[in-house]
Amino acid sequence: MATLSVCQPPPGGFSFDNCRRNAVLAGEVAAIGLGAPAARKTGTTICGIVFKDGIILGADTRATEGMVVADKNCSKIHYISPNIYCCGAGTAADTEMTTQIISSNLELHSLSTGRQPRVATANRMLKQMLFRYQGYIGAALVLGGVDCNGPHLYSIYPHGSTDKLPYVTMGSGSLAAMAVFEDRYKPDMEEEDAKQLVRDAIAAGIFNDLGSGSNVDLCVITKGKVDYLRPHDEANKKGVRAGDYKYKRGTTAVLTKTVFPLKLEVVEESIQTMDTS
Amino acid sequence: MAVAATVAPFGQTISSQSDLVPDWTCREVSTGTTIMAVEFDGGVVIGADSRTTTGAYIANRVTDKLTPIHDRIFCCRSGSAADTQAIADVVTYQLGFHSIELDEPPLVETAANLFKASCYRYREELTAGIIVAGWDKRRGGQVYSVPIGGMLVRQPVSIGGSGSTYIYGFMDSNYKPGLTKEQCLELTAAALSLAMERDGSSGGVVRLAAISENGVERRVILGNQLPKFSTH
């Protein structure tokens, strides 16, 4: 009897083959007393608001690897298109790559349509990609921009759900930032008031959340103009040390000075030529 | 403070807890929800609360869970926000394409069957409880329920979501066939208020819509304008 064997193409998506092995290794490593390496996450406070003339996006600049700060000044506001920018919270690699992929696809789409890209298009592309990966891509995004239909602001969650709102916050510091927004947000604010509000919201996240810190970055998007203010506010400048362990020359008085020349003999001499051609 | 990684049995999601990153930053967004739809002679009334939660945090307190699928067909979404948004987008596309092919407004039953097809085929992967409601020329106002699992059933009145469990008694005793549009709107508002009062995952504002041959009439009832039932 001939047995039929069907050659199956490898299924798409993530391969979970190594999960069981990783679980065993994690157990063995824990038994020794070490820890498995942690993915770099952007603990993060990110937020965005719609004001009178457009959108303001804000972000802190701390990237963490477990409980250690991996990058004190990382950039969390990513370029999508000349009129659209996106803040990213969650796994740093995921937000970086996802926004780059969609930025690239959106540029091609824009060339194909012959029009300036719309924020709703970027939103669709991002949500469909994240839903396809069922939440395994840990990217929580705040997408904002100004297009032919006005200013738009979206929050996008790792599983692929989106909300279109006048003000949004994401990340571990989002509760602190949202508290500031809920208190002081008003529709149609002026640019300076809006920048101050976003700065205060991010500052609330920086000072009250352990996963967020360092400086405040802002991105002001209006029709025809983008102001990428990095840093907008150096809330955590490294201080100058007050004391020093080095003593100045002359602190200790010299009483006597004796000089002994050391006699050294040349024992062996060898030359190694360097290839300078 | 150590970073603890809990390794679940193979096949499930491996979750890691960190003191820096709280629980609600990695929980899936759920439309906790209370949704409802009622048929009347000449159309349907649909209603929903407006709360979307990630764990214990309210991610969006003004959500619109009444999603237009076509000019006279809406769906009420409950369950996972990502799943229901994705399904609604797919069905909107399929129904729009079908309607252009027919050169006619689509039937509510068609929309309901499209929802059922997606919800049943991917029943293991999805968490979506949907109520499809609308008006078409052939059968007037209709309400179809597509709960988790992908069943399809037509009902004169349907409730769904986590908050619906608290108002089954209210619905059984207060609904009767032959209500007018205004009575349906009042009934829906009252039922949703009661559910929102008792269910932690439902709250915010009450969004209502009345769909008939003339079009869609949308209303919002803010928190302080909700009908009050308890005196203490």
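Residues numbered from 1 in each chain as written. Chains lettered and ligands numbered in written order. Predicted model: local features only at pLDDT ≥ 70, side-chain atom pairs only at ≥ 80, totals over all residues. Heavy atoms only, no water.

A. Representation of the overall build of chain A in the model. Across its full length, chain A carries five helices and 13 strands. Taken over the C-alpha trace, chain A has a radius of gyration of 27 Å; the compact-globule value for 277 residues is 19 Å, which it surpasses by more than 25%. Along the longest, intermediate and shortest principal axes, the C-alpha atoms of chain A span 85 × 80 × 50 Å. Taken across its 277 residues, chain A has 42% of its residues classed as buried. By sequence separation, contacts in chain A at least 24 residues apart represent 61% of the contacts at least 6 residues apart. Accessible surface computed for chain A: about 17400 Å², of which carbon and sulfur atoms make up 54%. (Helix = DSSP H or I, 4+ residues; strand = E, 2+ residues; numbered from the N terminus. Rg over C-alpha atoms; globule rule 2.2 N^0.38 Å. Buried < 20%, exposed > 50% of the residue type's maximum accessible area, 1.4 Å probe, protein only. Contact = heavy atoms within 4.5 Å. Areas by Shrake-Rupley, 256 points an atom, 1.4 Å probe, with all protein chains shown as cover.)

B. Expanded view of helix H2 (residues 108–121) of chain B. Residues and elements named next belong to chain B. The end-to-end C-alpha distance of H2, which contains 14 residues, comes to 20 Å, matching closely the 20 Å that a straight helix rising 1.5 Å per residue would cover. Those residues of H2 lying buried are Val 108, Ala 111, Ala 112, Phe 115, Ser 118 and Cys 119. End-on, the buried residues of H2 take up no more than an arc of 130 degrees, which puts them together on one face. Elements in contact with the buried residues of H2: strand S8 (66–70), strand S9 (73–80), helix H1 (81–102), strand S10 (128–136) and strand S11 (140–146). (Expected span 1.5 Å × (residues − 1). Arc of directions from axis to C-beta.)

C. Main features of the interface of chain A and chain B. With 31 residues of chain A in contact, the opposing surface of chain B contributes 27 residues. A buried area of about 2500 Å², summed over both sides, lies between chain A and chain B, and 65% of it is on carbon and sulfur atoms. Of the charged contacts, one joins Asp 89 of chain B and Lys 127 of chain A as a salt bridge, the two residues approaching to 3.5 Å between their closest N and O atoms. Across the chain A-chain B interface, the total number found is six residue pairs in polar contact (both at pLDDT 80 or more). A class-by-class count of the residues in the side of chain A that touches chain B yields twelve nonpolar, twelve polar and seven charged. (Buried area = accessible area lost by both parts, 1.4 Å probe. Salt bridge = Lys/Arg side-chain N within 4 Å of Asp/Glu carboxyl O. Polar contact = N/O pair within 3.5 Å; in protein donor to acceptor, adjacent residues only side chain to side chain. Nonpolar A, V, L, I, M, F, W, Y, C, P; charged D, E, K, R; others polar.)

D. Quick look at the state of the cysteines. One pass over the full model with this rule turns up zero disulfides over all chains. For the unlinked cysteine Cys 148 of chain A, the closest cysteine sulfur is that of Cys 219 of chain A, found at 19 Å. Cys 76 of chain B takes part in no disulfide bond, and the closest cysteine sulfur, belonging to Cys 75 of chain B, lies 6.9 Å away. (Disulfide = S-S within 2.5 Å.)

E. Seen up close, the nonpolar core. Residue and element names in this part refer to chain B. Within the largest apolar cluster, 25 residues are counted, with the highest numbers of intra-cluster contacts made by Met 36, Phe 170, Met 171, Tyr 175, Leu 187 and Val 206. No other element matches helix H4 (residues 181–198), which puts nine residues into this core. In this structure, Val 206 is in contact with Ala 48, Leu 192, Met 196, Arg 219, Val 220, Ile 221 and Leu 226, ignoring residues within four places of it in sequence. (Core = buried A, V, L, I, M, F, W, Y, C linked by side-chain atoms within 4.5 Å.)

F. Summary view of the sheet that holds strand S13 (residues 225–233) of chain A. All names here are of chain A. Taking strand neighbours across the sheet as the criterion, the five strands line up as S11-S2-S3-S12-S13 in an open arrangement whose pairing is antiparallel. Looking along the sheet, the strands with just one partner apiece sit at the ends: strand S11 (167–170) and S13. Each strand axis lies, on average, 10 degrees off the axis of its neighbour in the sheet, ignoring direction. Bridging between strand S12 (residues 216–222) and S13 involves six bridges; their strand directions are antiparallel. Paired with Val 216 across the strands is Asp 233, a residue of S13. Running over the sheet, helix H4 (residues 174–184) touches strand S2 (46–50) and S11 and is turned about 160 degrees from S11. Together, S2, strand S3 (54–59), S12 and S13 form the strand contacts of helix H5 (residues 191–208), whose direction differs from that of S3 by roughly 25 degrees. (Pairing = 2+ DSSP bridges. Axes fitted to C-alpha atoms, helices over the stretch in contact; angles between N-to-C directions.)

G. Examining the pattern of salt bridges more closely. What the rule picks out here adds up to 19 salt bridges over all chains. Arg 61 of chain B serves as the salt-bridge partner of Glu 182 of chain A, at 2.5 Å between the closest nitrogen and oxygen. With one member in each of two chains, Glu 182 of chain A in helix H4 and Arg 61 of chain B in the loop between strand S7 (57–60) and S8 form a pair that bridges those chains. For Glu 182 of chain A, a relative accessible area of 36% gives the class partly exposed. Under the relative-accessibility criterion, Arg 61 of chain B is labelled partly exposed at 43%. The salt bridge partner of Glu 217 of chain B is Arg 219 of chain B, with a shortest N-O separation of 3.0 Å. Beyond isolated ion pairs, a larger network of salt bridges with shared partners links Arg 184, Arg 199, Asp 200 and Asp 233 of chain A.

H. Inspection of the sheet that holds strand S5 (residues 43–48) of chain B at higher detail. Residue and element names in this part refer to chain B. Reading across from one edge, S13-S4-S5-S14-S15 is the order of the five strands in this open sheet, with antiparallel pairing throughout. Because the sheet does not close on itself, it has two edges, and the strands there are strand S13 (157–160) and strand S15 (215–221). Neighbour to neighbour, the strand axes of the sheet diverge by 10 degrees on average, direction disregarded. As paired strands, S5 and strand S14 (residues 206–212) are joined by six bridges and run antiparallel to one another. When the bridges of S14 are listed, Gly 47 appears paired with Leu 208.

I. Spatial organisation of the packing of aromatic side chains. All names here are of chain A. Per the stated rule, a full pass over the model turns up five aromatic pairs over all chains. Seen in terms of ring centroids, Tyr 167 and Phe 181 are 5.9 Å apart; in terms of plane orientation they differ by 70 degrees. Their pairing is edge-to-face. Of the two residues, Tyr 167 sits in strand S11 while Phe 181 sits in helix H4, which places them 14 residues apart along the sequence. Given a relative accessible area of 0%, Phe 181 falls into the buried group. Over the ring of Tyr 154 we find Lys 164, and its NZ or CZ is 5.6 Å from the ring centre. (Phe/Tyr/Trp six-rings, centres within 6.5 Å; stacked < 30°, edge-to-face > 60°. Lys NZ or Arg CZ within 6 Å of the ring centre and 35° of its normal.)

J. Up close: the environment of Ala 194 of chain A. All names here are of chain A. Of note, Ala 194 is situated in helix H5. When the C-alpha positions of Ala 194 and Phe 51 are compared, they lie 6.5 Å apart, and in sequence the two are 143 residues distant. The residues contacting Ala 194, other than those within four sequence positions of it, are Ile 49, Phe 51, Ile 56 and Met 189.

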